[in-house]
Amino acid sequence: MHWYLDVLRKYAEFTGRARRQEFWMFVLVNFIIMAALRMFGLDMIHTLYSLAVLVPSLAVGARRLHDTGRSGWWLLLNLIPVIGWIVLIVLFAQDSQPGDNEYGPSPKETSAFPASTAD
């Protein structure tokens, strides 16, 4: 859960890098919340929640792309139906660039949340 909350704390931080785990855990929790809101027929709350997490979603996506050595502008592929989404999923799933890159130090090497930390 700390991965989800960490992304929300970095609400509009488009600089730096995000590990795969941070990105995919945010996506998973986001998906579960949105599915639950839809399932219970809370369409208005679903819409408000979607708008509330739009900027953090873009920010963590840009940071994830930075981690693979790409510009956040690659997020514009979302505008291309199906093919753009598939390309972005592949890019998001790629491993981090080792060491420092132009977007900062590797989050794997400077992780604030060690793998052994339990919630």
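Keep in mind that what you see is a predicted model, and the values were worked out from it rather than measured. (Residues numbered from 1 in each chain as written. Predicted model: local features only at pLDDT ≥ 70, side-chain atom pairs only at ≥ 80, totals over all residues. Heavy atoms only, no water.)

A. Structural view of the overall build of the protein chain. Counting secondary structure elements, the protein chain contains five helices and zero strands. Starting at the N terminus and ending at the C terminus, the protein chain contains elements arranged as α-α-α-α-α. Taken against the 2.2 N^0.38 rule, which gives 14 Å for 119 residues, the C-alpha radius of gyration of the protein chain at 15 Å falls within 12% of a compact globule. Residues classed as buried in the protein chain amount to 34% of the 119 residues present. Here the contacts in the protein chain between residues at least 6 apart in sequence split such that 67% fall between residues at least 24 apart. On the protein chain, roughly 7300 Å² of surface is accessible, and the fraction owed to carbon and sulfur atoms is 71%. Computing the positive centroid from 10 side-chain charges and the negative centroid from 10, the protein chain places the two 3 Å apart. (Helix = DSSP H or I, 4+ residues; strand = E, 2+ residues; numbered from the N terminus. Rg over C-alpha atoms; globule rule 2.2 N^0.38 Å. Buried < 20%, exposed > 50% of the residue type's maximum accessible area, 1.4 Å probe, protein only. Contact = heavy atoms within 4.5 Å. Areas by Shrake-Rupley, 256 points an atom, 1.4 Å probe, with all protein chains shown as cover. Lys, Arg positive; Asp, Glu negative; His and termini not counted. Charge placed at Lys NZ, Arg CZ, Asp CG, Glu CD.)

B. Here's a closer look at helix 4 (residues 54–67). A rise of 1.5 Å per residue sets the reference length of helix 4, with its 14 residues, at 20 Å; its end C-alpha atoms lie 20 Å apart and thus fit the reference within 8%. With ten of 14 residues buried, helix 4 lies mostly within the body of the structure. Listing the buried residues of helix 4 in full gives Pro56, Ala59, Val60, Gly61, Ala62, Arg63, Arg64, Leu65, His66 and Asp67. Where the residues of helix 4 are buried, they touch helix 1 (2–9), helix 2 (20–39), helix 3 (43–52) and helix 5 (83–93). (Expected span 1.5 Å × (residues − 1).)

C. Molecular detail of unusual backbone geometry. One non-glycine residue with positive phi stands out, namely Val82, at about 60°. Of note, Val82 is situated in the loop between helix 4 and helix 5.

D. Looking closely at a nonpolar patch on the surface. Taken together, the side chains of Trp74, Ile80, Val82, Ile83, Trp85, Ile86, Val87 and Val90 make up a nonpolar region of the molecular surface, amounting to roughly 750 Å² of accessible area. Here Ile80 shows up in the loop between helix 4 and helix 5. In this structure Ile80 comes out as partly exposed when scored by relative accessible area, which is 41%. (Patch = residues over 30% accessible without salt bridge, like charges linked within 9 Å, V, L, I, M, F, W, Y side chains within 5 Å. Salt bridge = Lys/Arg side-chain N within 4 Å of Asp/Glu carboxyl O.)

E. View of the environment of Val7. With respect to the helices, strands and loops of the structure, Val7 is situated in helix 1. Judged by relative accessible area, Val7 falls into the buried class, the value being 0%. Measuring from C-alpha to C-alpha, the distance between Val7 and Phe26 comes to 7.2 Å, with 19 residues separating the pair along the chain. The residues touching Val7, leaving out its near neighbours within four places in the chain, are Glu22, Phe26, Pro56, Val60 and Arg63.

Keep in mind that these numbers describe shape and distance, not what the molecule does.
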